[in-house]
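Coordinate inspection notes
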Amino acid sequence: MDGNIDVCIPVSENKSEQVHGQVSIEKEFDYSQRGQWLRAAVLGATDGLVSVSSLMMGVGAVKQDVRAMFLTGFAGLVAGACSMAIGEFVSVYSQRDVELAQMKRDKRISGNEEESEKEALPNPIQAAAASALAFMLGAIMPLLAAAFIMDHKVRLGVVVATVSLGLVVFGWIGAVLGGSPVVKSCFRILVGGWLAMAITYGLTMGIGSTVM
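Every chain is numbered independently, its residues counted from 1 as its sequence is written. In view of the model being predicted, local features appear only for residues whose pLDDT reaches at least 70, and side-chain atom pairs are presented and counted only at 80 or more, with totals across whole chains, interfaces and linings using the full set of residues. The basis for every side-chain value is the complete set of heavy atoms in the structure, and neither hydrogens nor water enter the calculation.

1. Some thoughts on the environment of Val 159
Only DSSP runs of H or I reaching four residues or more are called helices, and only runs of E reaching two or more are called strands; each is numbered from the N terminus. Note on placement: Val 159 falls in helix 6 (residues 152-178). Each C-alpha atom, one on Val 159 and one on Met 141, is 8.5 Å from the other, the two residues being 18 residues apart in sequence. Only heavy atoms enter the contact rule, under which two residues are in contact if any of them lie within 4.5 Å. Ignoring anything within four residues of it in the chain, the contact list for Val 159 reads Ser 53, Met 56, Met 57, Pro 142 and Ala 146.

Quick look at the structure:
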């Protein structure tokens, strides 16, 4: 009984091929490449939605006039869009200067490669325009929601509901495009928006009751 029994276990190559395919797909969809424009777009839209709605809620805490609330929100839209555009332009331009200086130090720019290397650098004008447009997109939602509602309490409720829906949508878009968990992203951005509106409403009401 000294004979050896050789047992051959076939190994399927399909599993290794599937794993290799998954790895190649993950490498192909590099979510980090979307980071710059995704951050600017989501940040701009969320900032427009939260800041303008918070301004409107603050005014609504002390004034029931729909005209005052609408004008305050519109002024916040214009000022915020300009501020976002200028801030994004300066930030991206500074980043561009740093990367260009680093390229020159590394001596990676020479001859025909100079133009192609510069084209790969971030564009401050595009970033500023995208940030401003995203801010206006978010800011216009509470403005349209409150513009045609005369009842004060109903108007405030509609603004909160509209902002909540917009925050969930922006959180979902950012999570899907960025490849991050959807529920966590939506919950995080929703709670942040609620806190901003509640704090602005409460503080303005407190100061308004003291001053007036």
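Next comes the rest of the write-up.
2. Concerning the UniProt feature "transmembrane region" (unreviewed entry) in the chain
UniProt positions are given in the numbering used here, feature names are shortened, and annotations may be inferred rather than shown by experiment. With numbering aligned to this structure, UniProt lists the feature "transmembrane region" (unreviewed entry) at residues 37-62, 69-93, 125-149, 156-177 and 189-211. Note that residues 69-93 is 100% helix and 0% strand, and that its end C-alpha atoms are spaced 36 Å apart. Secondary structure across residues 125-149 divides into 88% helix and 0% strand, with the first and last C-alpha atoms of the span separated by 38 Å.

3. A look at the environment of Ala 145
In this fold, Ala 145 is placed in helix 5 (residues 124-146). Each residue gets one of three labels from its accessible area relative to the maximum for its type: buried under 20%, exposed over 50%, partly exposed in between, using a 1.4 Å probe on protein chains only. Ala 145 sits in the buried class, given a relative accessible area of 16%. Each C-alpha atom, one on Ala 145 and one on Ala 161, is 9.3 Å from the other, the two residues being 16 residues apart in sequence. Beyond its immediate stretch of four places on either side in the chain, Ala 145 contacts Val 158 and Thr 162.

4. Points about the nonpolar core
Note on soluble globular proteins: their nonpolar side chains tend to be buried together. To define a nonpolar core, start from buried Ala, Val, Leu, Ile, Met, Phe, Trp, Tyr and Cys residues and group those joined through side-chain atoms within 4.5 Å. Residues Val 52, Met 56, Phe 135, Val 159, Val 163 and Leu 167 are the most contacted members of the largest nonpolar core, which totals 23 residues. Mapped by element, the contributors of at least two residues to this core are helix 2 (35-62), helix 3 (66-105), helix 5, helix 6 and helix 7 (182-211). Here this core takes 6 residues from helix 2, the largest share from any one element. Ignoring any residue separated from it by four or fewer positions in sequence, one finds Phe 135 in contact with Gly 44, Ala 45, Asp 47, Gly 48, Ser 51, Val 52, Gly 76, Leu 77, Gly 80, Ala 81 and Met 84.

5. Some remarks on the confidence of the model for the chain
Here the chain averages 80 in pLDDT, and 75% of its residues register 70 or above. Per-residue confidence from the predictor is given as pLDDT, running between 0 and 100. Ignoring residues within four places in sequence, the model shows residues 29-33, a span with pLDDT below 50, making 4 contacts including any to other chains.

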